[in-house]
Every structure is written in C-alpha cells, then in structure tokens.
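# Secondary and tertiary structure notes
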Amino acid sequence: MALSLLLVLVLSLAGMWAYLEFSIAREDALPGDYDGRPAAGEGTNWLIVGSDSREGLDADQRAELSTGDAGGDRTDTIMVAHLPDNDTPATLLSLPRDSRVPIPGHGVNKINAAFAFGGPSLLAQTVEQATGLRIDHYAEIGFGGFASVVDAVGGVEMDIPEEMHDPKTGITIPAGRQTLDGVEALGFVRMRYSPATPRSDLDRVANQRKFIGALAGEIASPATLLNPFAVVPLLGSGADALILDEDDHVHHLLALAWAMRGIGGDGVVTTTVPVTSASAENWDESKAEALFDALRTDTAIPESALSE
C-alpha cells in the first residue's frame, strides 16, 4: 500500500510538472548577442515584468479589476531578481518605471517605454545596457493573471499600516491585518496616488516587493502545497497567467520561487535603484554602479547603495 501511494504521488507530481511545462506561454523575450552586450557575471538574473495588458479581460472584468481601457501594453512593474551562486542573499531589485535611460534605437526615454516600443526583447536589452547585468531569464504577468493567481491561493495576508485609497480607481484598502483577494491585491500593488503612498512610484515598488514576498510564502506553505483543492487551481491559474522566455523551464521558475520565499526575512535583500529625487527619473550614478557591481560579482551590497 505504501509503495502504491508513493507511486501515485510520483505520477501526480510528474503529471503536474508536465502540465506546467507544456501549458505556460513562451516567447522569444531575451535579446540575442549584440555589440556591447554585458558579459555574464556571477549568479543568475531574472527580468520580472508586470504588464498592464488587458488581453483576455471582458468589460465586466476590467470594471471589477479597475484596469481602465488603455490600449497597448506597458509595464507597471520592472524588477530584476538576482540569484547568487554563493551564500550571499538573493536580491529583488525594483527599477522605477519612470527612470530615464537610453533605449536602443529610441534615444533617452522612460524605461517602461522600451516595452511599448519593442516588447520584452527591447526592454531586456535596455535593462542590460542600463545596469550592466546580463539577463538570463524572463517572466511576465498581466493584470488578470495576477489577480487569478492570488485568488487561486485563497488570497494573501497582509498587514496594511494605514488606510489606502486610490482616487483614480476608487479602490480603498482599510488599515490592519487582512487577507487581500485578487482585486484588492491588484489595487495594492498598483496604488501610487493615495496619501498612504506619498513617494508615489517609490512607495508603490516597495509595496510590490512586500506583496511578492507574502505571495511566495503563501504558495510555498504546506497549506497550499499539500492541499489538492489549492494546488490544482494554482497550477491552472499560474499556467494561464505567465509568459516565460522560450528557453525557460519549470525548474528555472521553481528556483526563482524558492529564492523569493525569503522576502521579509534575512533570505532576500529588497531594494530600489538609488535615485536622485522623488520623481525617480534619474538614478544616482555612483550608488547605482556600486549596487550593480555587487550583483555582478555576488558580493554584499554596500549599505549606502540600498534604498527603500
């Protein structure tokens, strides 16, 4: 009986692995070799993109998620996750979307414009050129997919320090410890016009990193992984929500998720590229270079280069 149960477990895990491997959408998201491409450094770098794509959402769903009706695809979220080869902590780095950087073929512009101009490949090249970090993997999630993943795990518990109200979307999140559903979670990670986010995009990207840590912890918890009624919906929503690079596979994604589960503790450093003002348009060149150099060499990031 024990061997039979073990066989069932192994076959189930193999089936779930195969389902994910063949169900997740992929595209040629990373640039090929080009003149001046950064050499591979230590560790592994993921480019993580939260797009504002409304694809697949009908009018009712757009209204429920307060997405608006903007056409085209832009990036609400741009992050680099660095997974080291040694015992230094992993790093989750936010790149403010209004950062003004050179975009190949398009002059200097806000970094999120690269995605609108040339999709993930141009965005990845822009990030590589601006940071000096070679991007190894790519993951993208849109509005609807993000909300469905949160709902699939039964919501994510967060402690909200003060009430958050977004006058643009009408979403209000009360203060206190609570479980955010998909709609509330999307409102939380997008909010930047609330009195609770006085630094605008800088507060928003900090909240995004906090939420990713809470979500990763929820997904990795035994209550989720050992509950088929939670795992099956999560697999379905995850496969539908994500876009990976054509050379990425499930084991790469699992390594990322495993590393990010330490957000909120000592296991992951979370930071934003140092900027010169609250507008987050210009990077502090000396501090940013110290940060990028530490990631390239898998060494500790200087305290002076870390920012909220």
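Anything mentioned here points back to the structure above.
Residues numbered from 1 in each chain as written. Predicted model: local features only at pLDDT ≥ 70, side-chain atom pairs only at ≥ 80, totals over all residues. Heavy atoms only, no water.

The end-to-end C-alpha distance of helix α10 (residues 285-297), which contains 13 residues, comes to 18 Å, matching closely the 18 Å that a straight helix rising 1.5 Å per residue would cover. Those residues of α10 that are buried lie in contact with β3 (75-83), β4 (90-94), α3 (113-131) and β13 (268-272). Immediately downstream of α10, the backbone of D298 shows phi near 55 degrees, a positive value. (Helix = DSSP H or I, 4+ residues; strand = E, 2+ residues; numbered from the N terminus. Expected span 1.5 Å × (residues − 1). Contact = heavy atoms within 4.5 Å.)

The next point concerns the side chain of T272. Relative to the helices and strands, T272 is located in strand β13. Its relative accessible area of 1% is what places T272 among the buried residues. Engagement of the side chain of T272 in a polar contact is seen with the side chain of R209, the distance being 2.8 Å. With residues up to four places along the chain from it excluded, the contact list for T272 reads L93, S94, P96, L202, V205, R209, S307 and E308. (Buried < 20%, exposed > 50% of the residue type's maximum accessible area, 1.4 Å probe, protein only. Polar contact = N/O pair within 3.5 Å; in protein donor to acceptor, adjacent residues only side chain to side chain.)

Attention now goes to the pairing of β4. Burial analysis of β4 places 5 of its 5 residues in the buried class, which makes it a mostly covered element. Where burial is concerned, the two faces of β4 agree: the one with A90, L92 and S94 and the one with T91 and L93 are both buried. As paired strands, β3 and β4 are joined by 4 bridges and run antiparallel to one another. Of the residues in β4, the one forming a bridge with H82 is T91. Following β3, the chain reverses through 6 residues before pairing antiparallel with β4. With 5 bridges joining them, β4 and β13 adopt parallel strand pairing. (Pairing = 2+ DSSP bridges.)

Any functional reading would require information that these geometric values do not contain.
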